[in-house]
Amino acid sequence: MESWKTVESSTNWGRAIVALGALYVVLGLGWAYVEISQGTPLSNAVIISSFVAGPGMVVLYGGYRLPETEINPKFYSRIIGWCLGGIGVLAGLLALYHLQPAASISNPGRAILIISAFVLVPSFAGGLNDARAKSNAFVLERTVDLLHKSERIADVGGWEIDPETMEVYWTQHIFEILERPWDEEPPVDEALEVYHEDDRPIIKNAIEAALEEGEPFDVELRFHTPEREVRWLRIQGVPETVGDDVVSLRGAVQDITESKEHEQELQRVRERMEFALNATDAVVWDWNVETNEAFFYPSAESLYGTTVENWEDFIDIIHPEDKERAQQNIEQSLETGEPKHEEIRVVRDGEIRWIEAPGHPVEADDGSKRMVGVARDITDRKTYERRLEESNERLEQFAYAASHDLQEPLRMISSYLQLIESRADDELTEETEEFLEFAIDGADRMRDMIDGLLAYSRVETQGEPFEPVDLDEVVADVRDNLDVRITESDAEVEVDELPRVLGDENQLHQVFQNILSNAIEYSGDEPPQVLISAERNSSMWEVSVQDEGIGIEPDEQDQIFEVFQRLHSQNDYEGSGIGLALCERIVERHGGEIWINSEPGVGSTFTFTLPPEDAHSE
């Protein structure tokens, strides 16, 4: 609001100057009219009128053209002040003269009008000069203020060196950047002491080359604050030459400590990334979908054995059987905005190599679509996985064959023992009967162990494809199967609402039945108390089975998931020692983990993770 008042006031002063000129024009013409009407000759009246109206026309025209000059409107008042001041001074002097006893003016009004008109133009000219000077001073002051503020905002200071005297001039902000308490600029040699000892030759040589050869420079170097903190400066210098002589050297200083630290951190990140890429035989890739340009860092050759500059180049090196799948994955990722993860084969130098190339669609600052990711050679891993899979298959076949082959002689032993017991019952001594019972029980336990081993070996080969599974229904079936044991042990089994997961329903049924059976079996003297619950943790569901049983010693907790590992004797608690190992293998097949938290005398909590039903199937 104040600025608008200032503009309006300046405009009014400009109008006042025009009005003053117009007033003298009117007075000059009016005076001529009166003189002519009183019989004054026309020529005399015109001459007198021109003495008054002429200066008025000058001021009128000058006031009208005033906005076209470089004079700031806020100083128009100086011009009108000069004009009115000059008129007032002349009018006052004439009045004093007229009042003198020995002198008088025959026509004071005409004298004042004419003489004030004579002084009007010089006063107007003096006002113009004064207003112009004030305007220039105002512009200079505002420019200097703007420069100082701009220096602070940009954190830039200016400097100049006189080549003849080697005197240095600094703007105020350089003192602030360097945090020095100097009252005035130091000599060049003293100023150089501010910079880091390793960087002084850089700036010294740059200044010498600029003064001697007229070469501009742009250098970055360190300096010490009074507290010995090391900061970074960017110093630029541009010599001004006349002919071949350098007459001045001017430049700018900018504190770039923050950007330098960011640059150094970026360099450290780049070095770590290069180390990681080299260590993993990987490359970073960036594909511009709009321009179909591909960029690889460090290079595509290190991974693909050839240059890859666009999508077509990449498709050309993909194994024929994987091309369609790779294109579909890319198109789907771009359409949905979801990242892609794929393993494909490429043909490099006639050899088939496996490449893992996850990618993520992004939108660049200019709105273009891009796909970025990291690709690496996983041929060795795939070879190891294939050999491991083959080895596991052979082991599973061996375990199945061995356990299957053991079934028949074990069945024969058990059958003949029972036959002996039934036919020779009257002839056996009490001790013999006890021995037969031990042998039959051992054979039964051996059969249970073989059945467990068979189930363990079939987790991968005999498993069903994953599909959505309702864990509430699974646990309900398990409780029905264990209904007799639950009733006999007076167990209380509480089940929270359970999620739907992606998995093999039969195998998950085995997991819950084994863990719930253990919770009932190892409940101690009190009736079993069991709580089954679940919660979402990141991308997996965590399912927990908590009991208040006898618990497990901390140093024994890692052993319970091993095959045939038992913590108690067969006389204390029944079992084959393979149930929890089977649970672990089933959970691992589902991409999860299983662990136990237990305290002796307090109880145990078995926790395992399972994928949600919307997870990608295996």
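Residues numbered from 1 in each chain as written. Predicted model: local features only at pLDDT ≥ 70, side-chain atom pairs only at ≥ 80, totals over all residues. Heavy atoms only, no water.

Engineer: So, the sheet that holds strand β16 (residues 540-547): which residues are in play, and what are the values?
Structural biologist: Pairing within the open sheet is mixed, and its 5 strands lie in the order β13-β15-β16-β18-β17. Two strands bound the open sheet, and with one partner strand each, they are β13 (492-495) and β17 (594-599). Taken over all neighbouring pairs, the strand axes of this sheet differ in orientation by 15 degrees on average, direction set aside. Sheet topology note: the β16/strand β18 (residues 603-610) ladder contains 6 bridges and is antiparallel. Counterpart to Trp541 in the pairing with β18 is Leu610. Contacts from helix α14 (residues 471-481) reach β13, β15 (529-537), β16 and β18 within the one sheet, and its direction differs from that of β13 by about 170 degrees. Across the sheet, helix α16 (residues 505-521) is in contact with β13, β15, β16, β17 and β18; its angle to β18 comes to roughly 170 degrees. (Pairing = 2+ DSSP bridges. Helix = DSSP H or I, 4+ residues; strand = E, 2+ residues; numbered from the N terminus. Axes fitted to C-alpha atoms, helices over the stretch in contact; angles between N-to-C directions. Contact = heavy atoms within 4.5 Å.)

Engineer: Can you lay out the packing of aromatic side chains for me, pointing to particular residues and giving the numbers?
Structural biologist: Enumeration over the complete set of coordinates arrives at 4 aromatic pairs. Seen in terms of ring centroids, Trp170 and Phe175 are 5.3 Å apart; in terms of plane orientation they differ by 65 degrees. Their pairing is edge-to-face. For the residue pair Trp170 and Phe175, the accessibility class agrees, reading buried in each case. Above the plane of the ring of Trp232 lies Lys260, whose end atom (NZ or CZ) is 4.6 Å from the centre. (Phe/Tyr/Trp six-rings, centres within 6.5 Å; stacked < 30°, edge-to-face > 60°. Buried < 20%, exposed > 50% of the residue type's maximum accessible area, 1.4 Å probe, protein only. Lys NZ or Arg CZ within 6 Å of the ring centre and 35° of its normal.)

Engineer: How would you summarise the nonpolar core if you had to cite specific residues and measurements?
Structural biologist: Of all hydrophobic cores here, the largest spans 36 residues; its most connected members are Leu471, Phe512, Ile515, Ile532 and Phe608. With 7 residues, the single largest contributor to this core is α16. Once you skip the residues sitting within four places of it in the chain, Leu471 turns out to touch Leu498, Pro499, Val501, Leu508, Phe512, Val543 and Leu610. Listed in part, the 27 residues of the second largest apolar core include Phe175, Ile177, Ala206 and Ile235. (Core = buried A, V, L, I, M, F, W, Y, C linked by side-chain atoms within 4.5 Å.)

Engineer: Tell me about the packing of α14 against α16, residues and numbers included.
Structural biologist: At a minimum axis distance of 9 Å, the contact between α14 and α16 shows a crossing angle of 50 degrees. As far as their axial angle goes, α16 and α14 are oblique. Judged by the twist between their axes, the crossing of α14 over α16 is right-handed. Judged by residue contacts, Leu471, Val474, Val475, Asp477, Val478, Arg479 and Asn481 of α14 engage Glu505, Leu508, His509, Phe512, Gln513 and Leu516 from α16. For the contact of α14 with α16, the residue count by class is 7 nonpolar, 3 polar and 3 charged. (Parallel < 35°, antiparallel > 145°, perpendicular 65-115°, else oblique. Left-handed = near helix turned anticlockwise from the far one by under 90°. Nonpolar A, V, L, I, M, F, W, Y, C, P; charged D, E, K, R; others polar.)

Engineer: I'd like to hear about empty space enclosed by the protein, residue by residue, with values.
Structural biologist: Within this structure, the stated rule accounts for 2 cavities of 30 Å³ or more. Roughly 180 Å³ of volume is contained in the largest cavity. Around the largest cavity, the lining is made up of 15 residues, and of these Trp159, Ile161, Trp170, Tyr195 and Ile207 lie nearest the centre. Listing elements by their share of the lining of the largest cavity, those giving two or more residues are β1 (156-161), β2 (168-170), α5 (172-178), α6 (188-192) and α7 (200-213). For the lining of the largest cavity, the leading source of residues is α6, giving 3 residues. Taken together, the residues of the lining of the largest cavity sort by class into 15 nonpolar, no polar and no charged. Roughly 150 Å³ of internal volume is contained in the second largest cavity. Lining of the second largest cavity is provided by 14 residues; of these, Trp285, Trp287, Phe296, Trp311 and Phe314 occupy positions nearest its centre. Listed by contribution, the elements that provide at least two residues to the lining of the second largest cavity are β6 (282-288), β7 (293-297) and α10 (311-317). For the lining of the second largest cavity, the per-class residue count stands at 11 nonpolar, 1 polar and 2 charged. (1 Å grid on protein atoms, 1.4 Å probe; cavity = no way out; pocket = protein on both sides within 12 Å on 5 of 7 lines; lining within 4 Å. Points joined across faces, edges and corners; volume = space filled by probe spheres on them.)

Engineer: Go over the sheet that holds strand β5 (residues 245-255), please, and point to the residues and values.
Structural biologist: With respect to topology, 5 strands assemble into an open sheet ordered β2-β1-β5-β4-β3, the strand pairing being antiparallel. Taken across any chain shown, the strands that pair with only one partner, and hence form the sheet edges, are β2 and β3 (217-224). Averaged over all pairs of adjacent strands, the angle between their axes in this sheet comes to 25 degrees, without regard to strand direction. Note that β1 and β5 share 6 bridges and pair antiparallel. When the bridges of β5 are listed, Trp159 appears paired with Gly251.

Engineer: Outline α16, listing residues and values.
Structural biologist: With 17 residues, α16 extends 24 Å between its outermost C-alpha atoms, agreeing within 8% with the 24 Å of an ideal straight helix rising 1.5 Å per residue. Among the residues of α16, Gln507, Leu508, His509, Val511, Phe512, Ile515, Leu516, Ser517, Ala519 and Ile520 are the ones counted as buried. With a side-chain oxygen positioned 3.2 Å from the backbone nitrogen of Asn506, the residue opening α16 is Asp504. (Expected span 1.5 Å × (residues − 1). Polar contact = N/O pair within 3.5 Å; in protein donor to acceptor, adjacent residues only side chain to side chain.)

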